[in-house]
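Close look at the chain arrangement
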Amino acid sequence: MNWDLIIFYYLAIVMIFSSVFAIFSRHPIYTVLLVLIMIIHQAFLLLTLGAEFLTVVQLIVYAGAILVLFLFVVYLINLRKETKRNIFIKKISIVALVFLLLSAILIKNLFIFLSLSPSFKAYLPFNLEEKPNVWWIANYLFRNYLLQFEIIGVILLVAIFGACFLIRKVKIVEEK
Amino acid sequence: MPSLGHYIILAIILFLIGLFGFLTRRNLIIILISIEIMLNGLIVLFAAISHFTKDISGYIIVFFIIAMAAAEAAIGLSLVVLIYRRLRTIYSDEIIHFKG
């Protein structure tokens, strides 16, 4: 039995179907929960790629922080009356044309890329090197990518300030 | 064993699903979630390329993508709450505040 391929196909099929149902579901709460399923499966897909640190980061940050933020906003905005209408926009033919054009460009580039580099070989997960994955990531992150790491910290700080500023300004407007 | 082509095809399928949702849905929250699905496709792509070329830079780009997604979700959701408090709707074709 080829367990690597079976695990990959299970994770891939669950990810694709949960994201499709998330796009086509009517209420936003189902969308958030289906995307949660997709993100947990994607974390284990990263585990099969030998990135156990990124698995933990994905579970904590995406499933623990970002989707809870989405869930809070879905609960904050009560849309129970308005979910019976059409979920897609009206001019869907123009949008479908744009989507087909973009997907044709992407798939053409995919075939070009696959014809260029067919020689990569997979190796077994979980026993990559003698050093663990966290050692490599920390070593590269704090030596080669230190400036980018600081910039990401500044971007997160600016995002916090921006979110607080936007919400505070609305309260002042409503008090008038 | 899955090859690099499997992972790239999975990443492109996820990216196209997110793109379809981003272009066609009306609800602003689901548009933001579609952006998250597109970013997840990019995460699969970078991690797979980093794994198969035995270069650690792709993992670090994945780390940065997750941090950027957190910042983008915070700003986007605060904008959605702002739009809902001002206009009492979060559907993208009902926002006609800037018309004319």
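Note that the structure is a prediction, hence the values are computed from the model and not measured.

**A short note on the overall build of chain B**
Within chain B, the regular secondary structure consists of 3 helices and 0 strands. The helix and strand sequence of chain B, counted from the amino end, reads α-α-α. Expressed along its principal axes, the backbone C-alpha trace of chain B runs to roughly 55 × 25 × 20 Å. Evaluated residue by residue, chain B yields a buried proportion of 62% over its 100 residues. Counting every atom, chain B has about 3600 Å² of accessible surface; 72% of that belongs to carbon and sulfur.

**Focus on helix α2 (residues 28–52) of chain B**
All names here are of chain B. Its 25 residues give α2 an end-to-end C-alpha distance of 37 Å, which sits within 8% of 36 Å, the value for a rise of 1.5 Å per residue. Counting buried residues in α2 gives 20 out of 25 residues, a clear majority hidden from the surface. In this structure asparagine 27 caps α2, since a side-chain oxygen of it lies 3.3 Å from the backbone nitrogen of isoleucine 29. Where α2 ends, the next residue or the one after it, lysine 54, has phi of about 55 degrees, a positive value.

**Some remarks on the packing of aromatic side chains**
For the structure shown, the criterion picks out 11 aromatic pairs over all chains. Centroid distance phenylalanine 99 of chain A to phenylalanine 20 of chain B: 5.3 Å. Interplanar angle 65 degrees. Geometry classified as edge-to-face. You can see phenylalanine 99 of chain A sitting in helix α4 (residues 92–116) and its partner phenylalanine 20 of chain B sitting in helix α1 (residues 4–24), one on each of two chains. Taking relative accessible area as the criterion, phenylalanine 99 of chain A reaches 15% and is therefore assigned buried. Note on phenylalanine 20 of chain B: relative accessible area 21%, which makes it partly exposed.

**So, the side chain of serine 57 of chain B**
Along the chain, serine 57 of chain B falls in helix α3 (residues 57–87). Residues contacting serine 57 of chain B, with those up to four places away along its chain left out, are Tyr145 of chain A together with Ser50 of chain B.

**Details of the domain arrangement of chain A**
All names here are of chain A. Structurally, chain A comprises domain 1 (3–144) and domain 2 (145–176). At the interface, 5 residues of domain 1 touch 4 residues of domain 2. For the pair domain 1 and domain 2, the summed buried area comes to about 410 Å², and 69% of that belongs to carbon and sulfur atoms. When the area that domain 1 buries against domain 2 is broken down by residue, the three leading residues are Leu141, Phe142 and Asn144, summing to 87%. Across the domain 1-domain 2 interface, the total number found is 0 salt bridges. Linking domain 1 to domain 2 there are 2 residue pairs in polar contact (both at pLDDT 80 or more). Here the residues of the side of domain 1 that touches domain 2 sort into 3 nonpolar, 1 polar and 1 charged.

The rules behind these values
Residues numbered from 1 in each chain as written. Chains lettered and ligands numbered in written order. Predicted model: local features only at pLDDT ≥ 70, side-chain atom pairs only at ≥ 80, totals over all residues. Heavy atoms only, no water. Helix = DSSP H or I, 4+ residues; strand = E, 2+ residues; numbered from the N terminus. Buried < 20%, exposed > 50% of the residue type's maximum accessible area, 1.4 Å probe, protein only. Areas by Shrake-Rupley, 256 points an atom, 1.4 Å probe, with all protein chains shown as cover. Expected span 1.5 Å × (residues − 1). Polar contact = N/O pair within 3.5 Å; in protein donor to acceptor, adjacent residues only side chain to side chain. Phe/Tyr/Trp six-rings, centres within 6.5 Å; stacked < 30°, edge-to-face > 60°. Contact = heavy atoms within 4.5 Å. Domains from an automatic or database assignment. Buried area = accessible area lost by both parts, 1.4 Å probe. Salt bridge = Lys/Arg side-chain N within 4 Å of Asp/Glu carboxyl O. Nonpolar A, V, L, I, M, F, W, Y, C, P; charged D, E, K, R; others polar.

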